[in-house]
There are 2 protein chains.
Amino acid sequence: MKVTGDQALVKKINKSLILHTIRKHPELSRARISEMTGLNKATVSNLVAELQEEQLVLEVGTGESSGGRKPLILHFHAMAGCVIGMELRVKQLTAVLCDLNGKVLHEAEAPLQQHDLPYVLENMKTMISGLIAKAPPTHYGVVGIGVGVPGMVDEDGVVLFAPNLAWEKVELRKLLEESFSIPVIIDNEANSGALGELNFGRGEDVRHLLYVSAGSGIGSGIIIGGELYKGSRGYAGETGHMCIEAEGTPCSCGSRGCWELYASEKAYDLAAVELPAYQTPELIRFAAEGNAAARQQFAVMGTYLGIGLTNLINGFNPELIVIGGPLSEARTWLEEQMQQVVARRTLPYHKQQLEIAFSTLGSRATMIGAGFSAAMHFLGHTRVMV
Amino acid sequence: MKVTGDQALVKKINKSLILHTIRKHPELSRARISEMTGLNKATVSNLVAELQEEQLVLEVGTGESSGGRKPLILHFHAMAGCVIGMELRVKQLTAVLCDLNGKVLHEAEAPLQQHDLPYVLENMKTMISGLIAKAPPTHYGVVGIGVGVPGMVDEDGVVLFAPNLAWEKVELRKLLEESFSIPVIIDNEANSGALGELNFGRGEDVRHLLYVSAGSGIGSGIIIGGELYKGSRGYAGETGHMCIEAEGTPCSCGSRGCWELYASEKAYDLAAVELPAYQTPELIRFAAEGNAAARQQFAVMGTYLGIGLTNLINGFNPELIVIGGPLSEARTWLEEQMQQVVARRTLPYHKQQLEIAFSTLGSRATMIGAGFSAAMHFLGHTRVMV
DNA sequence: AAAACTTTGTTTAACCAATATACAAAGTCG
DNA sequence: CGACTTTGTATATTGGTTAAACAAAGTTTT
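Given the structure is predicted, the values throughout are model-derived calculations rather than measurements.

So what's going on with the nonpolar core? Which residues, and what values?
Counting residues in each nonpolar core, the largest one holds 102 residues, and the members touching the most others are Trp259, Phe298 and Leu309 of chain A together with Trp259, Phe298 and Leu309 of chain B. Non-local contacts of Leu309 of chain A, meaning those with residues more than four positions away in its chain, are made with Val212, Trp259, Ile321, Ile323, Met338, Val342 and Ile356 of chain A. If you look at the next biggest cluster of nonpolar residues, it comprises 33 residues, including Tyr119, Met127, Ala162 and Val184 of chain B.

Which residues make up the UniProt feature "domain: HTH marR-type" (unreviewed entry) in chain A, and what values do they have?
Per the UniProt record, the feature "domain: HTH marR-type" (unreviewed entry) sits at residues 16-57 of chain A. Secondary structure across residues 16-57 of chain A comprises 71% helix and 2% strand; the distance between its end C-alpha atoms is 12 Å.

Could you give me a rundown of the sheet that holds strand 8 (residues 159-162) of chain A, with the residues and numbers involved?
Pairing is antiparallel across the open sheet formed by three strands, whose spatial order is 7-8-9 (chain A). Edge positions in the open sheet fall to strand 7 (152-153) and strand 9 (167-170) of chain A, since each of these has one partner strand only.

How would you explain the protein's contact with DNA strand D if you had to name every residue and give the values?
Residues in close proximity to DNA strand D total 29 residues, the closest being Gln7 of chain A together with Gln7, Ser45, Arg69 and Leu72 of chain B. Counting only the atoms of DNA strand D within 4 Å of the protein, the fraction contributed by sugar and phosphate is 62%. Between DNA strand D and Thr43 of chain A there is a distance of 3.0 Å, counted from a phosphate oxygen to a side-chain nitrogen or oxygen. Here a base nitrogen of DNA strand D sits 2.9 Å away from a polar atom, N or O, in the side chain of Lys41 of chain B. When residues of the surface near DNA strand D are traced back to their parent elements, those giving at least two are helix 1 (7-24) and helix 3 (41-53) of chain A together with helix 2 (30-37) and helix 3 (41-53) of chain B. Ranked by the residues each element gives to the surface near DNA strand D, the list is headed by helix 1 of chain A, at four residues. The residue inventory of the surface near DNA strand D, partitioned by class, reads eight nonpolar, 14 polar and seven charged.

Now, about the pairing of strand 11 (residues 209-214) of chain B: what can you tell me, with residues and values included?
All names here are of chain B. Judged by how many residues are buried, strand 11 sits mostly within the fold: six of six residues are covered. Side chains Leu209, Tyr211 and Ser213 of strand 11 all project onto a buried face; the interleaved residues Leu210, Val212 and Ala214 project onto the opposite face, where all are buried too. Judged from the six bridges that link them, strand 11 and strand 12 (residues 218-224) form a sheet pairing that is antiparallel. Across the sheet, Val212 pairs through a bridge with Ser220, a residue of strand 12. In this structure, the hairpin formed by strand 11 and strand 12 is closed by a connection of three residues. Direction of pairing for strand 11 relative to strand 14 (residues 320-324): parallel, over a ladder of five bridges.

Basis of the calculations
- Here, residues in each chain are numbered from 1, in the same order as that chain's written sequence.
- The order in which chains are written sets their letters, starting at A; the order in which ligands are written sets their numbers, starting at 1.
- Per-residue local features of the predicted model are confined to residues with pLDDT of at least 70, and side-chain atom pairs are confined, for both listing and counting, to 80 or more; whole-chain, interface and lining totals are unaffected and use all residues.
- Where side-chain values are given, they derive from all heavy atoms of the structure, hydrogens and water being excluded.
- For our purposes a nonpolar core is just a set of buried Ala, Val, Leu, Ile, Met, Phe, Trp, Tyr and Cys residues, chained together by side-chain atoms within 4.5 Å.
- Burial classes follow relative accessibility: with a 1.4 Å probe on protein chains only, a residue under 20% of its type's maximum area counts as buried, one over 50% as exposed, and anything between as partly exposed.
- Any pair of residues with heavy atoms lying within 4.5 Å of one another is described as a contacting pair.
- UniProt positions are given in the numbering used here, feature names are shortened, and annotations may be inferred rather than shown by experiment.
- Under the scheme used here, helices are H or I runs from DSSP no shorter than 4 residues and strands are E runs no shorter than 2 residues, and both carry numbers assigned from the N terminus.
- Strands were regarded as paired on the criterion that DSSP finds at least two bridges between them.
- For this description, a residue counts as near a given molecule or strand if any of its non-hydrogen atoms is within 4 Å of it.
- Throughout this description, a polar contact denotes any pair of N or O atoms lying within 3.5 Å of each other; where both atoms belong to protein, one of them has to be capable of donating a hydrogen while the other can accept it, and for residues adjacent in sequence the pair is counted only when both atoms sit in side chains.
- We call Asp, Glu, Lys and Arg charged. Ala, Val, Leu, Ile, Met, Phe, Trp, Tyr, Cys and Pro are nonpolar, and the rest, Gly among them, are polar.

This is how it looks when you write it as structure tokens:
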């Protein structure tokens, strides 16, 4: 059944519009909101009153007057509740407790020794319980848990396939919701990272963003029109297996010449010369110390990174690309080659408005984005397309 | 200023919902519409009455009863007006006059000898005038003109760049609207083709579709969530310049190893052996007659087509891919290799729900899609996202 | 300092679209 | 022929936005 229009819908649209306007622009008065949104002053007053009752908006004193009554300044009440954002990595579990605006209140971290589901689930539950215990007293309490995982996830929060964990069809959302009775949002690690960067990193006011997470493989989070694009069954963005060498090295996916064989940590196995180290942080240290083999390795990977990016640019035409994941820490040795290749290979019109940047949230992008998803799910978001 | 909700919006949403429900499902009664949409019977009655006054809906007699009063059957009045759909090709101009539901009423065709703007524009105007003259008398007359062009188009109907025409920044929409005072929609040829296939070809009920137009180059039209995705400045889908051989043949775009060098008509230049012909229709004829070189050429191109498709599948995860454009006529000699490569190279989860098909509209997909765009623009489409 | 003007936010009455309910119209079936 | 069904319309109610008037709280001018 499709979505029909009635007065309840109108109210939902306008309330959502006002709430998110306040959330994105602090220091607004009712009068300014009325101007910005086009809603009548009376409508704004009524809906703001409801949002205040719901503890989502606060009056925080008066602002400066420009020849009349002083405006009453409204704030989004980010501490009306908390959310937990978590990232499940191959060797590590990390999580944050955030307010509803993504501000980090607590962090947690634990190593993972193995990948069997009971073990990992136990660790996740322990970490979540720990953060819930640390949560400050708020009106709504902990209202959502978001988790970014290294694999494909469907719309029901089932991890369909996570090769690095050897997981298949794990009903992660259901398992966690049964334990905590709090809404759980599961998403791909790159998708969460994209949301993190869009909302708290470089992505302010960007409508089309590509977040490329380079680590043990490559995954992309695709933001289209300000929204996460997930593909027909929820797992688009598997760009790591895009072929960039038709008859290249065979890949575990069944194809050959996949991008991530050349531009992720998997490339270490293909290095022409022996490397001083085969872990990214160590290799970065060697590069910083002037090791030629390490620098050369990153230069080659930067080139291939650029080739894959060019393909993504031609296909998606984003305004901004953010490089994240563990490999983004090697920026200094990757960037020059990468930018050169992109400059040389992209179509002239694409160059004009494209920016390629490295993550500002670093390794925290995914968990912050996952927390943000949970917060948005709690706040709701209804709007109209013409 | 953002879109706010009020009663006018509610009415617009519901009216649009009813109109498009009737358009897509003939033989509906008011009662069935009420059931399908969830709208109250009275609401449906009121809005249908308005649509009848606007000549967009007709009562066409009664249907079968199942034990009560016979239902009054409603039809979308496709002949309330006409639209023109046009395709601008390198050597040819083709156009159709359609009713509001995409049914072709008249066709026109003319060769193009050169590409300078005044000449092409003159030909376009002559053809459009001719079709307008042939249009049957309808309530609204000709309500829109849609044009598919081989190049990048921005949201203002400006052809930014069309290498095969040597056009740059041509304000095509403005030029045509000034001549005819009818709304004009300009779009990329592949985008229009995608819309054509989505609505009148293989794409019924498909939400994520990729239309790959293979001819003198390769372009893709991307349908996401039932809507055309155009990228940040309106020209995504330039997938022909996706790199599939990192150090491959240099391309005119500045890059190397671009897909369209190996899988479009450009591949004829790279053929290992001498070909019996260098025009697609002739080469197809040779292949049909058993010519080994021609068949081998198509087999190789099918392989490369499959490699590029695999990349698109991993990135966009569509439900359906439709191959169109002149090369789709060589289906018999392309398909086997292409499907084999895709089957071998795509990730297991992508295979499950993916179908790759060849165009059913053939060379008419683009102009029919362009006409459809114009019709949709006239009818309007307002809906809600949650 | 008083009067005039400005700006903010609330109150009031009017409007209008969807809805539930009742109802009329037009059929089927035993 | 009477009981039941289904379709489509009429009526009163509900509940949201809005324009306009107004109250509150400032600043500027005289």
